[in-house]
Amino acid sequence: MKENWEEKLSCASMCSRCAKALQQGDERILSVYDHRPICSVCKKREEQDPDYPEVSKMMLGQCMANVELTLMDPAGYCYHHFYPYKC
């Protein structure tokens, strides 16, 4: 997914959790569970999941290993699991 995430996900027009429409200027963030774009409300809910700390650490570790191997983070793929972005 990380190879073409920007093309497929960065300007998603709908939250993959609640199906809320996302306009061009709306913030979105990638889920640490399935790497799909979600709205900020769904991200807040995700952060309340009991296994979120463990899952986010695992995702970050995997992401950092990939970045180390390739010496790059394609368009902020890892970064955008934790920091919102706009289309």
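Everything that follows concerns the structure shown earlier in this document.
So, here is what we can say about the structure in this document.

Calculation criteria
- Residues numbered from 1 in each chain as written.
- Predicted model: local features only at pLDDT ≥ 70, side-chain atom pairs only at ≥ 80, totals over all residues.
- Heavy atoms only, no water.
- Salt bridge = Lys/Arg side-chain N within 4 Å of Asp/Glu carboxyl O.
- Helix = DSSP H or I, 4+ residues; strand = E, 2+ residues; numbered from the N terminus.
- Buried < 20%, exposed > 50% of the residue type's maximum accessible area, 1.4 Å probe, protein only.

### Considering the pattern of salt bridges
Note that side chains of opposite charge can pair when their charged atoms are close. By the definition in use, this model includes two salt bridges. The residue Arg 17 makes a salt bridge to Glu 46 at a minimum N-O spacing of 3.0 Å. Taken as a pair, Arg 17 in the loop between α1 (5–9) and β1 (27–30) and Glu 46 in helix α2 (residues 40–47) lie far apart in primary sequence, 29 residues in all. Since its relative accessible area comes to 39%, Arg 17 is described here as partly exposed. For Glu 46, a relative accessible area of 1% gives the class buried. The shortest N-O distance in the salt bridge between Glu 46 and Lys 43 comes to 2.9 Å. Taken together, the positions of Glu 46 and Lys 43, both in helix α2 and three residues apart, correspond to about one turn of that helix. Take Glu 46 and Lys 43: they sit in the same class, and that class is buried. Linked by salt bridges that have partners in common, Arg 17, Lys 43 and Glu 46 make up one network.

Honestly, that's just the spatial picture; any functional story needs more than this.
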